There are 4 protein chains.
Amino acid sequence: MPYEHKTRRVIRFAETDMAGIVHFSEFFKYMENAEHDFYRTLGLSVHMQDRTSAFGWPRVHASFDYLKPLRFEDEAEVHLVIQEIASKTVLYRCYIRKVGEENHLCAKGSLRVICITKEGGNGSMRAADIPPFFKEKIEAAPEEYLRELEDH
Amino acid sequence: MPYEHKTRRVIRFAETDMAGIVHFSEFFKYMENAEHDFYRTLGLSVHMQDRTSAFGWPRVHASFDYLKPLRFEDEAEVHLVIQEIASKTVLYRCYIRKVGEENHLCAKGSLRVICITKEGGNGSMRAADIPPFFKEKIEAAPEEYLRELEDH
Amino acid sequence: MPYEHKTRRVIRFAETDMAGIVHFSEFFKYMENAEHDFYRTLGLSVHMQDRTSAFGWPRVHASFDYLKPLRFEDEAEVHLVIQEIASKTVLYRCYIRKVGEENHLCAKGSLRVICITKEGGNGSMRAADIPPFFKEKIEAAPEEYLRELEDH
Amino acid sequence: MPYEHKTRRVIRFAETDMAGIVHFSEFFKYMENAEHDFYRTLGLSVHMQDRTSAFGWPRVHASFDYLKPLRFEDEAEVHLVIQEIASKTVLYRCYIRKVGEENHLCAKGSLRVICITKEGGNGSMRAADIPPFFKEKIEAAPEEYLRELEDH
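If you're wondering where the values come from, they're calculated on a predicted model, not measured in any experiment.

## As for the overall build of chain A
The number of helices and strands found in chain A is 3 helices and 9 strands. Listed N to C, the secondary structure of chain A is β-α-β-β-β-β-β-β-β-β-α-α in terms of helices and strands. Over its C-alpha trace chain A gives a radius of gyration of 17 Å, about what one expects of a compact globule, namely 15 Å for 152 residues. When its C-alpha atoms are laid out on the principal axes, chain A stretches across 50 × 35 × 25 Å. Across the 152 residues of chain A, 53% fall into the buried class. Considering only intrachain contacts with a sequence separation of at least 6, the fraction spanning at least 24 residues in chain A is 67%. As displayed, chain A offers around 6800 Å² of accessible surface, 48% of which is attributable to carbon and sulfur atoms. Across chain A, the centroid of the 21 positively charged side chains sits 4 Å from that of the 25 negatively charged ones.

The following block contains the structure:
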C-alpha cells in the first residue's frame, strides 16, 4: 500500500517576497497540495461524502524547518511520507528539495490532520474515526525508510 | 447617505514579491477588504441571511491601473467610492494612495459586484435584487465628485 | 512566431474562499503564471539581464470579467494570447476555461505589462524599449483569431 | 525591556477557504506581521542597513498547533512573546486568540529567526551576530510568564 507521494512544481513569481526567495508561508501550501495530490492518485478527495455525512481533514499541527531558500523558476520536489496513522489522525512528514544536480534539501515539514464529520444542517464538526475506505488505501512508511530520509 | 469609505493599512512583508514591491494581485484584496470594512461601518456584512435565504456578492468585474509601486512598511490609504447602484449590481471605484507628504496615487481600481441569493439545501445561486435593508443605507457618489477624483 | 500559450492547472484548496469557489484575486496569479510559462517555452524569463542592465515587466493594467466560478479540484485551462505589442508594452488577453465536456469559459482577463530596465547600484527603474531578443520571438495574434475568441 | 507585543486584526474574506475557516497557512503571516509590528514599535525594522551591510531575518523554523478555527469577521488577537535570544537567533512564541467573552485560544505557534548580513554586490547571505542596536532593545520573557501562557 502506498505511503508516499512526490510532486514537482515550478516556483511562481507571486510566491516570492522582497528578499528574493519563496515566502516561508508558501511551503505550507506546497505540503497541503502534495497531500491532496496523493489522495487524488488513490481515487480519494479531502472532500468526500457518504450517505449520511461529509468528511473533512482540519489541520491540527503544521511545522517546517528551513534549510535553503527556493527562488523564482526553481523546480521543487515535494515529497510527502506518511509517518503515522492513528484511529482519527494522520501524521505526514514532508521533504522539499530543489531539483538539480545535487537535489538538495530545502525544508523539512510535519503535518498532522484529524478526520472530522459534519452532520446535518447545522454543520457542527466532530472528530471521527478515519473511514475504512480511506484507511484501507494507505499505510505508514517503514521506520527504517523514515530514518533514512531524516538522515539525509 | 454614505457613498465612500477610507481605510489605512501598513504594507506587509508577505504582500511583496522579489521585485521588492507589492504584488499586483494584492491590490484586489485591499479593494475587497475596503468594501467589507465599508459594509461593517454600516452595520452590514457580505454574509447576511434573512428568514428564507442567504445573500452573497460575487464579483463580476475587477480591474486595476497601476501608477506607482507600494513597498514594505509603506502606509496605504484605500479609498472606495460607489460609482453606480443598479437593481442587482453595485459598481465601485477605488483609489489607492501612499500616505505621505504628497499622498500620491498608486493605483485606480474598479469592482462590480452582483447580489445573489442561495436558497434551500442545494445552495444554487441566483442573481437577485439588492435587498432594501442594504439599498437604503448606500447611494452613488455625486458625478462631480467622481470626476474630481479621476482628474487627480 | 508564437502568439499564444495554454497551460492547465488543478484548483488548489488554498485558492478557494468561504463561498466555496476560487477567490477572484487568484485569477490574476493564474494569468501571470501563464505569461511566465509562455516566456519559458520560448527560452525567455521575466528576469533577464544583459551586459549592463536588468529587465523587468511591471504590470500597468490588469482586469478580469467573471462568468462562472471555479471550484476545488476543477481542472482549469489558462489560455493567454498576445493582443498587441507596442515599443515598450505588451497587452495580453486571457481566457480561463473549466476543462470538461463543455469546456466552458469562466473568466476573461486583460494584462498590460511595460518593459523597464534597472540600472546601476541604486536600481532606479525606467521604461525601456522591449529588447530585440524578446521582440523577435513573439507576435500579436491575428485580429480574426482574437475576434473569434471574444465571440465564444 | 519589552518581550511581547499584541496586535488585533479582523479576519479577511480572502483568508478563508472553502471549509469556511481561515486557511492554516494564513496563521504564519499573522505571526510574522506581529513580529514586524513589534519591531516597528521599537523603532526597528526587519530591513535595516548600517554603513557596510544589510541585515535580514530569514525564518529557520515555524510551527502552529491549531485548537479552534477562526472565521470571517472574527477579531483575532495575535500575541507574540520572545522565548529565547541567542547570539544569532531569536525564538518567539505566539498565541492567537479570538477576541470575545472568553477570549479563547485558537492557535499556538513558534518562530525561530536567524540574523544574517548581505554584503557587497553579490548579496551573499551569512549568519551574523544580532547587532547591538537590536539586542539592547529586546529581552526574553520571564520563564514563569511563559509557563503561565502555556498552561492557559
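## Remarks on the side chain of histidine 79 of chain B
Residues and elements named next belong to chain B. Here histidine 79 shows up in strand S5 (residues 75-85). The class for histidine 79 is buried, based on a relative accessible area of 1%. Polar side-chain contacts of histidine 79 include one of 2.6 Å to the side chain of glutamate 4.

## Examining the relation of the copies chain B and chain A
Rotating chain B by 180° about the axis while translating it 0.0 Å along that axis superimposes it on chain A, leaving an RMSD of 0.0 Å. Given the turn and translation reported, the copies of this chain are related as if by a two-fold rotation axis. The share of interface residues of chain B whose copies in chain A are also at the interface is 100%, consistent with both copies meeting through the same surface.

## Points about the interface of chain D and chain A
Across the contact, 19 residues belong to chain D and 19 residues belong to chain A. Interface area for chain D against chain A, summed over the two sides, is near 1800 Å², with a carbon-plus-sulfur share of 63%. Summed over the shared surface of chain D and chain A, the result is 0 salt bridges. Summed over the shared surface of chain D and chain A, the number is 10 residue pairs in polar contact (both at pLDDT 80 or more). Among the elements that line the side of chain D that touches chain A, the one with the most residues is strand S4 (residues 59-66) of chain D, at 8 residues. Residue classes in the side of chain D that touches chain A are distributed as 9 nonpolar, 5 polar and 5 charged. In this structure, strand S4 (residues 59-66) of chain A lies alongside S4 of chain D, joined through 5 bridges in antiparallel fashion. Looking at the pairing, histidine 61 of chain A lines up with aspartate 65 of chain D of S4 of chain D.

## Let's talk about the relation of the copies chain D and chain A
Overlay of chain D on chain A (RMSD 0.0 Å): rotation 180°, translation along the axis 0.0 Å. The share of interface residues of chain D whose copies in chain A are also at the interface is 100%, consistent with both copies meeting through the same surface.

## What to know about the packing of aromatic side chains
Using the criterion set out here, one finds 58 aromatic pairs over all chains in the structure. Residues phenylalanine 133 of chain B and phenylalanine 134 of chain B carry aromatic rings whose centres are separated by 6.1 Å and whose planes lie at 50° to one another, so their mutual orientation is tilted. According to the relative accessible area criterion, phenylalanine 133 of chain B is partly exposed, its value standing at 29%. Ring geometry for phenylalanine 27 of chain C versus tyrosine 30 of chain C: centroids 5.8 Å apart, planes at 45°, classification tilted. Placement of the pair is phenylalanine 27 of chain C and tyrosine 30 of chain C together in helix H1 (residues 26-41), with a separation of 3 residues, close to one helical turn. For phenylalanine 27 of chain C, a relative accessible area of 3% corresponds to the buried category. Residue tyrosine 30 of chain C is classed as buried on the basis of its relative accessible area of 2%. Within the aromatic cluster, the residues linked to one another by ring pairs are Phe24, Phe27, Phe28, Tyr30, Phe64 and Tyr66 of chain A together with Phe24, Phe27, Phe28, Tyr30, Phe64 and Tyr66 of chain D.

## What to know about the side chain of histidine 5 of chain B
All names here are of chain B. One can find histidine 5 in strand S1 (residues 4-10). Here histidine 5 falls in the buried class, since its relative accessible area comes to 13%. When neighbours within four sequence positions are excluded, histidine 5 is seen to be in contact with Ala34, Asp37, Phe38, Thr41, Val78, His79 and Leu80.

## Let's talk about the sheet that holds strand S1 (residues 4-10) of chain A
Within a beta sheet, neighbouring strands are joined by backbone hydrogen bonds and run either parallel or antiparallel to one another. One open sheet holds the 10 strands; their spatial order is S1(A)-S5(A)-S6(A)-S7(A)-S4(A)-S4(D)-S7(D)-S6(D)-S5(D)-S1(D), and the pairing between them is antiparallel. Looking at which strands have only one partner, the edges of the open sheet turn out to be S1 of chain A together with strand S1 (4-10) of chain D. The sheet shows a mean angle of 15° between the axes of neighbouring strands, direction not considered. Here strand S6 (residues 89-98) of chain D runs beside strand S7 (residues 105-114) of chain D; their pairing, made up of 9 bridges, is antiparallel. Looking at S7 of chain D, one finds that arginine 97 of chain D is bridged to leucine 105 of chain D. Against the sheet, helix H3 (residues 143-151) of chain A touches S1, strand S5 (75-85), strand S6 (89-98) and strand S7 (105-114) of chain A, its axis set at about 140° to S5 of chain A.

Procedures and definitions
- Residues numbered from 1 in each chain as written.
- Chains lettered and ligands numbered in written order.
- Predicted model: local features only at pLDDT ≥ 70, side-chain atom pairs only at ≥ 80, totals over all residues.
- Heavy atoms only, no water.
- Helix = DSSP H or I, 4+ residues; strand = E, 2+ residues; numbered from the N terminus.
- Rg over C-alpha atoms; globule rule 2.2 N^0.38 Å.
- Buried < 20%, exposed > 50% of the residue type's maximum accessible area, 1.4 Å probe, protein only.
- Contact = heavy atoms within 4.5 Å.
- Areas by Shrake-Rupley, 256 points an atom, 1.4 Å probe, with all protein chains shown as cover.
- Lys, Arg positive; Asp, Glu negative; His and termini not counted.
- Charge placed at Lys NZ, Arg CZ, Asp CG, Glu CD.
- Polar contact = N/O pair within 3.5 Å; in protein donor to acceptor, adjacent residues only side chain to side chain.
- Least-squares fit on C-alpha atoms with pLDDT ≥ 70 in both.
- Buried area = accessible area lost by both parts, 1.4 Å probe.
- Salt bridge = Lys/Arg side-chain N within 4 Å of Asp/Glu carboxyl O.
- Nonpolar A, V, L, I, M, F, W, Y, C, P; charged D, E, K, R; others polar.
- Pairing = 2+ DSSP bridges.
- Phe/Tyr/Trp six-rings, centres within 6.5 Å; stacked < 30°, edge-to-face > 60°.
- Axes fitted to C-alpha atoms, helices over the stretch in contact; angles between N-to-C directions.

These figures come from the coordinates and say nothing about function on their own.
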